[in-house]
Amino acid sequence: MAGGRKFSRNNSSSNQQLPERGPVESLIYWRDVKKSGIVFGAGLITLLAISCCSVISVFAYLSLTILSGTIAFRIYKSVMQAIQKTSDGHPFKEYLDYDLTLSQDKVQHIAGVAVAHVNGFVAEMRRLFLVEDLVDSIKFGVILCVMTYIGAWFNGMTLVIMAFVSLFTLPKVYENNKQSIDTYLDLARSKVADVTEKIKAAIPLGTKKPIAAESDKDK
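Residues numbered from 1 in each chain as written. Predicted model: local features only at pLDDT ≥ 70, side-chain atom pairs only at ≥ 80, totals over all residues. Heavy atoms only, no water.

- For the protein chain, the name recorded in an unreviewed UniProt entry is Reticulon-like protein, with Glossina palpalis gambiensis as its organism.

Encoded structure:
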(Lines give C-alpha, C1' and ligand atoms only; values in the text may rest on other atoms or scores of the structure.)
Protein backbone atom coordinates (compact mmCIF):
# COMPACT_ATOMS: atom_id res chain seq x y z
CA MET A 1 0.00 0.00 0.00
CA ALA A 2 2.80 2.39 0.90
CA GLY A 3 4.47 1.69 -2.41
CA GLY A 4 1.20 2.38 -4.26
CA ARG A 5 0.77 5.67 -2.38
CA LYS A 6 4.33 6.67 -3.20
CA PHE A 7 3.75 5.83 -6.87
CA SER A 8 0.56 7.89 -6.98
CA ARG A 9 2.34 10.84 -5.39
CA ASN A 10 5.09 10.64 -7.98
CA ASN A 11 2.47 10.60 -10.73
CA SER A 12 0.71 13.65 -9.28
CA SER A 13 3.99 15.55 -8.99
CA SER A 14 4.92 14.73 -12.59
CA ASN A 15 1.50 15.92 -13.74
CA GLN A 16 2.06 19.20 -11.91
CA GLN A 17 5.43 19.62 -13.57
CA LEU A 18 3.95 19.03 -17.05
CA PRO A 19 0.71 21.05 -17.26
CA GLU A 20 -1.65 20.56 -20.15
CA ARG A 21 -0.93 22.85 -23.06
CA GLY A 22 -2.55 23.74 -26.37
CA PRO A 23 -1.82 21.81 -29.57
CA VAL A 24 0.85 24.27 -30.75
CA GLU A 25 2.60 24.36 -27.37
CA SER A 26 2.47 20.57 -27.19
CA LEU A 27 4.28 20.41 -30.53
CA ILE A 28 7.07 22.86 -29.67
CA TYR A 29 7.55 21.30 -26.21
CA TRP A 30 7.77 17.81 -27.79
CA ARG A 31 5.04 16.27 -25.62
CA ASP A 32 4.45 13.73 -28.40
CA VAL A 33 7.84 13.08 -29.98
CA LYS A 34 6.36 11.41 -33.07
CA LYS A 35 3.99 14.28 -33.92
CA SER A 36 6.58 16.96 -33.16
CA GLY A 37 9.19 15.13 -35.22
CA ILE A 38 6.85 14.86 -38.21
CA VAL A 39 5.86 18.54 -38.06
CA PHE A 40 9.44 19.70 -37.49
CA GLY A 41 10.87 17.52 -40.27
CA ALA A 42 8.17 18.42 -42.79
CA GLY A 43 8.40 22.13 -41.98
CA LEU A 44 12.20 22.19 -42.17
CA ILE A 45 12.26 20.31 -45.49
CA THR A 46 9.64 22.70 -46.90
CA LEU A 47 11.59 25.78 -45.81
CA LEU A 48 14.84 24.39 -47.21
CA ALA A 49 13.07 23.63 -50.50
CA ILE A 50 11.66 27.18 -50.64
CA SER A 51 15.16 28.57 -50.05
CA CYS A 52 16.41 26.64 -53.11
CA CYS A 53 13.36 26.86 -55.41
CA SER A 54 10.46 29.22 -55.91
CA VAL A 55 7.42 29.08 -53.66
CA ILE A 56 5.20 28.11 -56.61
CA SER A 57 7.44 25.18 -57.55
CA VAL A 58 7.62 23.94 -53.96
CA PHE A 59 3.84 24.20 -53.59
CA ALA A 60 3.24 22.39 -56.90
CA TYR A 61 5.69 19.53 -56.18
CA LEU A 62 4.47 19.13 -52.60
CA SER A 63 0.83 19.07 -53.72
CA LEU A 64 1.62 16.54 -56.46
CA THR A 65 3.39 14.30 -53.94
CA ILE A 66 0.44 14.40 -51.54
CA LEU A 67 -2.08 13.92 -54.37
CA SER A 68 -0.15 10.94 -55.77
CA GLY A 69 -0.06 9.33 -52.34
CA THR A 70 -3.79 9.80 -51.68
CA ILE A 71 -4.77 8.53 -55.15
CA ALA A 72 -2.53 5.47 -54.80
CA PHE A 73 -3.91 4.74 -51.33
CA ARG A 74 -7.52 5.18 -52.56
CA ILE A 75 -6.92 2.77 -55.45
CA TYR A 76 -5.20 0.27 -53.16
CA LYS A 77 -8.08 0.31 -50.66
CA SER A 78 -10.65 -0.04 -53.45
CA VAL A 79 -8.81 -3.07 -54.91
CA MET A 80 -8.49 -4.67 -51.46
CA GLN A 81 -12.20 -4.13 -50.78
CA ALA A 82 -13.06 -5.72 -54.14
CA ILE A 83 -10.83 -8.73 -53.48
CA GLN A 84 -11.97 -9.24 -49.89
CA LYS A 85 -15.58 -8.32 -50.80
CA THR A 86 -15.87 -5.84 -47.93
CA SER A 87 -17.64 -2.50 -47.77
CA ASP A 88 -15.42 -0.36 -45.62
CA GLY A 89 -16.37 2.77 -47.54
CA HIS A 90 -14.17 5.69 -48.46
CA PRO A 91 -10.73 5.42 -46.79
CA PHE A 92 -10.67 9.16 -46.07
CA LYS A 93 -14.28 9.42 -44.88
CA GLU A 94 -13.18 10.47 -41.39
CA TYR A 95 -11.25 13.44 -42.77
CA LEU A 96 -13.94 14.32 -45.34
CA ASP A 97 -16.54 14.58 -42.57
CA TYR A 98 -14.27 16.73 -40.38
CA ASP A 99 -15.68 20.24 -39.96
CA LEU A 100 -13.17 22.83 -41.17
CA THR A 101 -15.46 25.83 -41.09
CA LEU A 102 -14.63 28.76 -38.81
CA SER A 103 -17.38 30.03 -36.56
CA GLN A 104 -18.24 33.72 -36.59
CA ASP A 105 -17.31 34.08 -32.94
CA LYS A 106 -13.89 32.58 -33.53
CA VAL A 107 -13.24 34.83 -36.53
CA GLN A 108 -14.26 37.89 -34.51
CA HIS A 109 -12.01 36.80 -31.66
CA ILE A 110 -9.03 36.33 -33.98
CA ALA A 111 -9.72 39.67 -35.67
CA GLY A 112 -9.98 41.41 -32.29
CA VAL A 113 -6.66 39.96 -31.12
CA ALA A 114 -4.99 40.93 -34.42
CA VAL A 115 -6.34 44.50 -34.24
CA ALA A 116 -5.17 44.84 -30.63
CA HIS A 117 -1.65 43.71 -31.59
CA VAL A 118 -1.55 46.06 -34.59
CA ASN A 119 -2.70 49.01 -32.49
CA GLY A 120 -0.12 48.22 -29.82
CA PHE A 121 2.64 47.94 -32.43
CA VAL A 122 1.71 51.25 -34.08
CA ALA A 123 1.57 53.03 -30.72
CA GLU A 124 4.95 51.61 -29.69
CA MET A 125 6.57 52.62 -33.00
CA ARG A 126 5.18 56.14 -32.65
CA ARG A 127 6.55 56.36 -29.12
CA LEU A 128 10.00 55.20 -30.20
CA PHE A 129 10.34 57.22 -33.40
CA LEU A 130 9.02 60.44 -31.83
CA VAL A 131 11.39 60.00 -28.84
CA GLU A 132 8.85 59.99 -26.04
CA ASP A 133 11.54 58.36 -23.90
CA LEU A 134 15.10 59.14 -25.01
CA VAL A 135 16.67 56.02 -23.48
CA ASP A 136 14.11 53.68 -25.06
CA SER A 137 14.62 55.33 -28.46
CA ILE A 138 18.40 54.96 -28.14
CA LYS A 139 18.00 51.27 -27.28
CA PHE A 140 15.70 50.88 -30.27
CA GLY A 141 18.34 52.51 -32.47
CA VAL A 142 20.96 50.07 -31.19
CA ILE A 143 18.65 47.16 -32.04
CA LEU A 144 18.15 48.55 -35.55
CA CYS A 145 21.93 48.82 -36.00
CA VAL A 146 22.34 45.19 -34.95
CA MET A 147 19.60 44.21 -37.40
CA THR A 148 21.49 45.88 -40.26
CA TYR A 149 24.47 43.60 -39.55
CA ILE A 150 22.20 40.55 -39.27
CA GLY A 151 20.60 41.45 -42.59
CA ALA A 152 24.04 41.73 -44.18
CA TRP A 153 25.06 38.30 -42.89
CA PHE A 154 21.82 36.37 -43.56
CA ASN A 155 18.98 36.65 -46.05
CA GLY A 156 15.34 36.59 -45.04
CA MET A 157 14.79 32.90 -45.75
CA THR A 158 17.79 31.92 -43.63
CA LEU A 159 16.38 33.92 -40.72
CA VAL A 160 13.01 32.19 -41.16
CA ILE A 161 14.69 28.77 -41.04
CA MET A 162 16.69 29.76 -37.95
CA ALA A 163 13.52 31.05 -36.28
CA PHE A 164 11.68 27.80 -37.11
CA VAL A 165 14.49 25.65 -35.68
CA SER A 166 14.66 27.88 -32.58
CA LEU A 167 10.91 27.52 -32.12
CA PHE A 168 11.28 23.75 -31.77
CA THR A 169 14.48 23.80 -29.67
CA LEU A 170 14.68 26.83 -27.37
CA PRO A 171 11.38 26.26 -25.47
CA LYS A 172 12.40 22.70 -24.59
CA VAL A 173 15.91 23.80 -23.60
CA TYR A 174 14.42 26.51 -21.38
CA GLU A 175 11.99 24.06 -19.80
CA ASN A 176 14.79 21.62 -18.96
CA ASN A 177 17.11 24.36 -17.59
CA LYS A 178 14.57 26.86 -16.31
CA GLN A 179 16.16 27.56 -12.93
CA SER A 180 19.67 28.31 -14.16
CA ILE A 181 18.44 30.30 -17.18
CA ASP A 182 16.13 32.40 -14.98
CA THR A 183 19.06 33.18 -12.69
CA TYR A 184 21.17 34.52 -15.56
CA LEU A 185 18.19 36.39 -17.04
CA ASP A 186 17.49 38.12 -13.70
CA LEU A 187 21.16 39.09 -13.48
CA ALA A 188 21.09 40.49 -17.02
CA ARG A 189 17.87 42.42 -16.32
CA SER A 190 19.37 43.97 -13.19
CA LYS A 191 22.49 45.03 -15.13
CA VAL A 192 20.40 46.56 -17.91
CA ALA A 193 18.22 48.36 -15.37
CA ASP A 194 21.31 49.80 -13.64
CA VAL A 195 22.78 51.02 -16.92
CA THR A 196 19.42 52.51 -17.94
CA GLU A 197 19.12 54.40 -14.65
CA LYS A 198 22.67 55.74 -15.01
CA ILE A 199 21.94 56.93 -18.55
CA LYS A 200 18.72 58.61 -17.46
CA ALA A 201 20.55 60.31 -14.58
CA ALA A 202 23.33 61.50 -16.91
CA ILE A 203 20.89 62.94 -19.47
CA PRO A 204 18.83 65.66 -17.73
CA LEU A 205 16.25 65.90 -20.50
CA GLY A 206 12.67 66.44 -19.52
CA THR A 207 13.52 67.00 -15.83
CA LYS A 208 11.70 69.74 -14.00
CA LYS A 209 13.00 71.93 -11.26
CA PRO A 210 11.51 71.30 -7.84
CA ILE A 211 8.62 73.56 -6.92
CA ALA A 212 10.27 74.62 -3.69
CA ALA A 213 13.40 75.75 -5.52
CA GLU A 214 11.36 77.83 -7.97
CA SER A 215 9.44 79.50 -5.14
CA ASP A 216 12.70 80.38 -3.35
CA LYS A 217 14.05 81.88 -6.55
CA ASP A 218 10.92 84.06 -6.96
CA LYS A 219 11.36 85.40 -3.45
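1. Let's talk about the UniProt feature "transmembrane region" (unreviewed entry) in the protein chain
- Mapped onto this numbering, the UniProt entry gives "transmembrane region" (unreviewed entry) at residues 38–62 and 140–170.
- Counting secondary structure, residues 38–62 comes out at 92% helix and 0% strand; the distance between its end C-alpha atoms is 15 Å.
- Summarising residues 140–170: 94% helix, 0% strand, and an end-to-end C-alpha distance of 24 Å. (UniProt positions renumbered as here; feature names shortened; annotations may be inferred. Helix = DSSP H or I, 4+ residues; strand = E, 2+ residues; numbered from the N terminus.)

2. Brief notes about unusual backbone geometry
- A positive phi angle, close to 55°, is found at tryptophan 30, a residue other than glycine.
- You can call tryptophan 30 partly exposed: its relative accessible area is 23%.
- Positive phi outside glycine occurs at lysine 85, with the angle close to 55°.
- Summarising the element assignment, lysine 85 is placed in the loop between α4 (55–84) and α5 (93–96).
- On the basis of relative accessible area, lysine 85 is assigned to the exposed category, the value being 78%. (Buried < 20%, exposed > 50% of the residue type's maximum accessible area, 1.4 Å probe, protein only.)

3. A few points about a nonpolar patch on the surface
- A cluster of nonpolar side chains, contributed by Tyr61, Leu64, Leu67, Ile71, Ile75, Val79 and Ile83, occupies part of the molecular surface with about 730 Å² of accessible area.
- With respect to the helices, strands and loops of the structure, tyrosine 61 is situated in helix α4. (Patch = residues over 30% accessible without salt bridge, like charges linked within 9 Å, V, L, I, M, F, W, Y side chains within 5 Å. Areas by Shrake-Rupley, 256 points an atom, 1.4 Å probe, with all protein chains shown as cover. Salt bridge = Lys/Arg side-chain N within 4 Å of Asp/Glu carboxyl O.)

4. A word on the nonpolar core
- Core analysis: the largest hydrophobic core is formed by 5 residues, namely Phe40, Leu47, Ile161, Phe164 and Phe168.
- Elements supplying a minimum of two residues to this core: α3 (33–52) and α8 (156–176).
- Examining the composition of this core, we find that 3 residues originate from one element, α8, more than from any other.
- The contacts of phenylalanine 40, once residues within four sequence positions are left out, are Trp30, Phe164, Val165 and Phe168. (Core = buried A, V, L, I, M, F, W, Y, C linked by side-chain atoms within 4.5 Å. Contact = heavy atoms within 4.5 Å.)

5. Digging into the packing of helix α6 (residues 104–129) against helix α7 (residues 134–153)
- One way to put it is that α6 packs onto α7 with a least axis distance of 8 Å and a crossing angle of 100°. As judged from the angle between their axes, α6 and α7 are roughly perpendicular. Judged by residue contacts, Met125, Arg127, Leu128 and Phe129 of α6 engage Asp136, Ser137 and Phe140 from α7.
- Residues belonging to the contact of α6 with α7 are distributed by class as follows: 4 nonpolar, 1 polar and 2 charged. (Axes fitted to C-alpha atoms, helices over the stretch in contact; angles between N-to-C directions. Parallel < 35°, antiparallel > 145°, perpendicular 65-115°, else oblique. Nonpolar A, V, L, I, M, F, W, Y, C, P; charged D, E, K, R; others polar.)

6. Some points on the packing of aromatic side chains
- All chains considered together, the criterion is met by 8 aromatic pairs.
- Look at phenylalanine 40 and phenylalanine 164: their rings are 5.8 Å apart centre to centre, the planes differ by 0°, and that puts the pair in the stacked class. Highlighted residues: phenylalanine 40 in helix α3 and phenylalanine 164 in helix α8, separated in sequence by 124 residues. Accessibility classification places phenylalanine 40 together with phenylalanine 164 in one group, the buried group.
- Between phenylalanine 129 and phenylalanine 140, the aromatic rings sit 5.4 Å apart at their centres with planes inclined by 85°, giving edge-to-face as the arrangement. Of this pair, phenylalanine 129 sits in helix α6 while phenylalanine 140 sits in helix α7; the two residues are 11 residues apart in sequence, bridging distant segments of the chain.
- In textbook terms, an aromatic cluster arises when at least three aromatic residues are bridged by ring pairs, as seen for Trp30, Phe40, Phe164 and Phe168. (Phe/Tyr/Trp six-rings, centres within 6.5 Å; stacked < 30°, edge-to-face > 60°.)

7. As for the pattern of salt bridges
- Using the criterion set out here, one finds 8 salt bridges in the structure.
- One salt bridge connects lysine 93 with aspartate 97, and the closest N-O pair in it is separated by 3.2 Å.
- When the shortest N-O distance is used, the salt bridge between glutamate 124 and arginine 127 registers 2.7 Å. Here the residue glutamate 124 and the residue arginine 127 both occupy positions in helix α6, the gap between them amounting to 3 residues, near one helical turn.
- Assessed through its relative accessible area of 33%, glutamate 124 is described here as partly exposed.
- What you see here is one network of salt bridges that share partners, running through Glu124, Arg127, Asp136 and Lys139.

8. Some points on the side chain of serine 36
- Relative to the helices and strands, serine 36 resides in helix α3.
- The exposure class of serine 36 is buried, given its relative accessible area of 0%.

9. Quick look at α4
- Look at α4: 43 Å from first C-alpha to last across 30 residues, which is about the 44 Å you get at 1.5 Å a residue.
- Of the residues trailing α4, lysine 85 is marked for its positive phi of about 55°. (Expected span 1.5 Å × (residues − 1).)

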